[in-house]
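Below are the chains, spelled out letter by letter.
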Amino acid sequence: MELIGRDDQLELLRRLLAEPRSHGSAVLVRGAPGIGKTALLAETAALAEGLGHRVLRTSGVEAESDIPYAGLQLVLRPLAAAAAGLAAPHRQALDTALGHAGAAVPDVFLVGLAVLNLLADAAAVAPVLVLVDDAQWLDDATASVLAFVARRVGTEPVVVGGAARDGYRSRLNSDELTSVALGPLTDGQAAELLADRAPDLRPTVHRRLLAEAAGNPLALTELSRTLGASADPHISQLPLTERLERAFTDRLETLPDITRSLLRIAALDDSPSLPEIYRATRQLTGLTAGTAELDPAVRARLVQVAGTELRFGHPLMRSAICRTMPTGVRHAAHAALAAVLDDHPDRRLRHQAAAADDPDESVAIALEDAAHRDARRGGIAAAVTALEQAAALSEDADRRAERLLRAADFAVELGRPETVTRLLGQALTGPLSRRRHATVVWLRGRFDEGLHSHTSGANSLTALAEEMAAEDRDLALRILWSAAQLCFWSDPGPEERRTVLRAVERMELDELDPWRLAICAYAAPVDRGAFVLDRARHVALREGDGGRAYRMLSTASGVLVRGRARSACREADGSRGRGSPSPSAPARPGFGGRPGRTCPSAS
């Protein structure tokens, strides 16, 4: 499969492989985990074989990094028979290094000469390409020999190609090697890769995946498998494959304990503030935590420091650290963060909730209050998160279900059908009252508003609303709001519109009630438009629903204003002799006007 976004690097490698037979070279490819180093080496091997090269391979293995010459053994295995033709001192040094003889450990310089001569003999028959993947994990002896060879292949038809992760020291870093840096794919290249690997991704999944992968090819490939099948792309932490977790957390175990603690706190913190991270780490460990303790992670390129803020080298580093953190450690880290956030009560509350081992109704109630505050400020996504956390900590099954349903209701407002489905699925795991069953039915149908033009849809929702009106008028109003939206987007006919209007009138609401006005605006924008706009300017924010009714009315009023602008355009066109108004040809259900025209005066 063709590599995407690596044309420049491939051209360089192709040029080196095509050099005259009397010339060799050495290349080291560097980049972050998952950036495509192995894929680039594989493509290089294919190019070399096509040009008639003999390809020898080895790779570093972390578990074998302490075994001398473990990597060299793999490189030379195909040349075992030719080793017999080496001069006696070189043959003996090589046999001893590879464990075929029991003499004293040879000098690395002598082993290097033996390997160089062996490769030169092989190259006399056909050019040789030596590929070394994961060079950061090579044993020291092998790395020293290959560095020795790399510095001396200039007059031989031998190319040494290595790949190493950023943040590791390697003896293959000599000045004689040509350095090839692999960076992230551009947004366009990442989108091209996704189109090739996962062409059927939903738009919401596609956007989330591009943002989280940040141009990393491995992340794009692996996440398209896990997130593509996920019910909800809006979950806070993405489901990572084991391969991704290993790629982004392999360095953690090599860091000092205090540095790991700093990274764990940083991964859980919703602020990049270094002073806050240092304070929480001291709270967690009781140890000094500052610049010196963070430095090993900076040198390993796991994080970057910009002023007083910390940034992870890749967005998925945070997710991988969170997902691999033991539960007890994670709870303790959240508790430490909560302890240092006295000046940020809502953030402190979220960390208190995440630190809880068992249900805690007092925290659940506090989260519910926070969700209402978030909603009033327009933070609907934060309200969904807080209500879901509150549900998880609920001590009572009824309150748990109610909080999940309210979270799903807000998720509908955000346009997140996958989140709605997930939250409703959680709610249905316990017993539900008749009212809550009606809520589930209503919420499940919210994303069908106008999509399939069901003529009975508005009537069915209106009947459900009237059935629930005596028991829960607020729920009945929201169901009627959905029926009104169906009237607007699918134009079911005048009788269905009148049915919705009669139902809202029977609820005997005040003339300035925002739900009443919003429902009228959507159910019958032509007949009730003037009525709504005349009263909308006098409506006050309604308490108890997180400002939702006010938001719905604002949306409805905007629709009416745009509708009037279109009507003005239509009338202006008619007065200029471009045709008479045609109420039967609406630009949108309920409005007249020609699609695609905009009245200049309305702008």
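Keep in mind that this is a model prediction, so the values were computed, not measured. (Residues numbered from 1 in each chain as written. Predicted model: local features only at pLDDT ≥ 70, side-chain atom pairs only at ≥ 80, totals over all residues. Heavy atoms only, no water.)

Colleague: Go over the packing of helix H19 (residues 397-414) against helix H20 (residues 417-427), please, and point to the residues and values.
Modeller: With their axes 9 Å apart at the nearest point, H19 and H20 run at an angle of 170° to one another. Relative to H20, the element H19 is oriented roughly antiparallel. Residue-level contacts link Arg400, Leu404, Leu405, Ala407, Ala408, Ala411 and Val412 of H19 to Thr419, Val420, Leu423, Leu424, Gln426 and Ala427 of H20. In terms of residue class, the contact of H19 with H20 is built from 10 nonpolar, two polar and one charged. (Axes fitted to C-alpha atoms, helices over the stretch in contact; angles between N-to-C directions. Helix = DSSP H or I, 4+ residues; strand = E, 2+ residues; numbered from the N terminus. Parallel < 35°, antiparallel > 145°, perpendicular 65-115°, else oblique. Contact = heavy atoms within 4.5 Å. Nonpolar A, V, L, I, M, F, W, Y, C, P; charged D, E, K, R; others polar.)

Colleague: Explain the packing of aromatic side chains residue by residue, including any values.
Modeller: For the structure on display, the rule yields four aromatic pairs. Ring centres of Trp481 and Trp515 lie 6.2 Å apart, and the angle between their planes is 70°; this geometry places the pair in the edge-to-face category. Pair noted here: Trp481 is in helix H23 (residues 473-490) and Trp515 is in helix H25 (residues 514-523), with a separation of 34 residues, a long-range link. With relative accessibility at 3%, the residue Trp481 sits in the buried group. Trp515 gets classed as buried once you look at its relative accessible area, which sits at 3%. Note on Phe488 and Tyr522: the rings are 4.9 Å apart at their centroids and 55° apart in plane angle, and the pair reads as tilted. In this pair, Phe488 is assigned in helix H23 and Tyr522 in helix H25, connecting sequence segments 34 residues apart. Look at Phe488 and you get buried, because its relative accessible area is 0%. The buried category is assigned to Tyr522, whose relative accessible area is 4%. Aromatic ring contacts, followed pair by pair, group Trp481, Phe488, Trp515 and Tyr522 into a single cluster. Across from the ring centre of Phe148, 3.8 Å away, lies the NZ or CZ of Arg152, which sits over that ring. (Phe/Tyr/Trp six-rings, centres within 6.5 Å; stacked < 30°, edge-to-face > 60°. Buried < 20%, exposed > 50% of the residue type's maximum accessible area, 1.4 Å probe, protein only. Lys NZ or Arg CZ within 6 Å of the ring centre and 35° of its normal.)

Colleague: I'd like a rundown of unusual backbone geometry, residues and numbers included.
Modeller: Despite not being glycine, Tyr69 has its phi angle at roughly 65°, a positive value. Mapped onto the fold, Tyr69 is located in the loop between strand E2 (54-59) and helix H3 (70-76). Of the residues examined, Tyr69 reaches a relative accessible area of 6% and is grouped as buried. Even without glycine at this site, Asp134 takes up a positive phi of about 50°.

Colleague: Which residues make up the packing of helix H16 (residues 345-355) against helix H17 (residues 361-376), and what are the values?
Modeller: Following both chains from N to C, one finds H16 and H17 inclined at 140°, their axes separated by 10 Å at the closest point. Judged by the angle between their axes, H16 and H17 are oblique. In the packing of H16 onto H17, the handedness of the crossing is left-handed. Between H16 and H17, the residues in contact are Asp346, Leu349 and Ala353 and Val363, Ala366, Leu367, Ala370, Arg373 and Asp374, respectively. Along the lines of polarity and charge, the residues of the contact of H16 with H17 split into six nonpolar, no polar and three charged. (Left-handed = near helix turned anticlockwise from the far one by under 90°.)

Colleague: I'd like a rundown of the side chain of Glu222, residues and numbers included.
Modeller: As for its position among the elements, Glu222 is in helix H9 (residues 217-226). Note on Glu222: relative accessible area 5%, which makes it buried. Among the polar contacts made by the side chain of Glu222, one reaches the side chain of Thr241 at a distance of 2.8 Å. When residues no more than four places from it in sequence are discounted, the contact partners of Glu222 are Thr241, Arg243 and Leu244. (Polar contact = N/O pair within 3.5 Å; in protein donor to acceptor, adjacent residues only side chain to side chain.)

Colleague: Please give an account of the nonpolar core that cites residues and values.
Modeller: By size, the foremost hydrophobic cluster in this structure holds 63 residues, and its most contacted members are Leu480, Val500, Ile519 and Val532. In terms of residue count, H23 provides more of this core than any other element does, 11 residues in total. Within the second largest apolar cluster, 52 residues are counted, among which are Leu218, Leu240, Leu268 and Ala289. (Core = buried A, V, L, I, M, F, W, Y, C linked by side-chain atoms within 4.5 Å.)

Colleague: Outline helix H8 (residues 203-213), listing residues and values.
Modeller: Among all positions of H8, only Val205, Arg208, Leu209, Glu212 and Ala213 are buried. Seen along its axis, H8 keeps its buried residues to an arc of 115°; they face one direction. In H8, the exposed residues that point more than 90 degrees away from the buried face are Pro203, Arg207 and Ala211. On its buried face, H8 is in contact with helix H7 (187-197), H9 and helix H14 (315-324). A positive backbone phi angle near 50° is found at Ala214, which sits one or two residues after H8. (Arc of directions from axis to C-beta.)

Colleague: Before we move on, can you summarise the sheet that holds strand E1 (residues 25-31) with the specific residues and values?
Modeller: Here we have five strands laid out as an open sheet, ordered E2-E3-E4-E1-E5, and parallel in their pairing. The sheet is open, and its two edges are formed by E2 and strand E5 (178-182), each paired on a single side. Taking each pair of neighbouring strands and ignoring which way they run, the sheet shows an average axis angle of 15°. Sheet topology places E1 next to strand E4 (residues 158-165); seven bridges connect them, and they run parallel. Bridge pairing in E4 links Ser25 to Val159. With respect to the sheet, helix H1 (residues 7-17) is in contact with E1, strand E3 (128-133), E4 and E5, its orientation differing from that of E5 by roughly 155°. Against the sheet, helix H5 (residues 108-123) contacts E2, E3 and E4, and its axis sits at roughly 130° relative to E3. (Pairing = 2+ DSSP bridges.)

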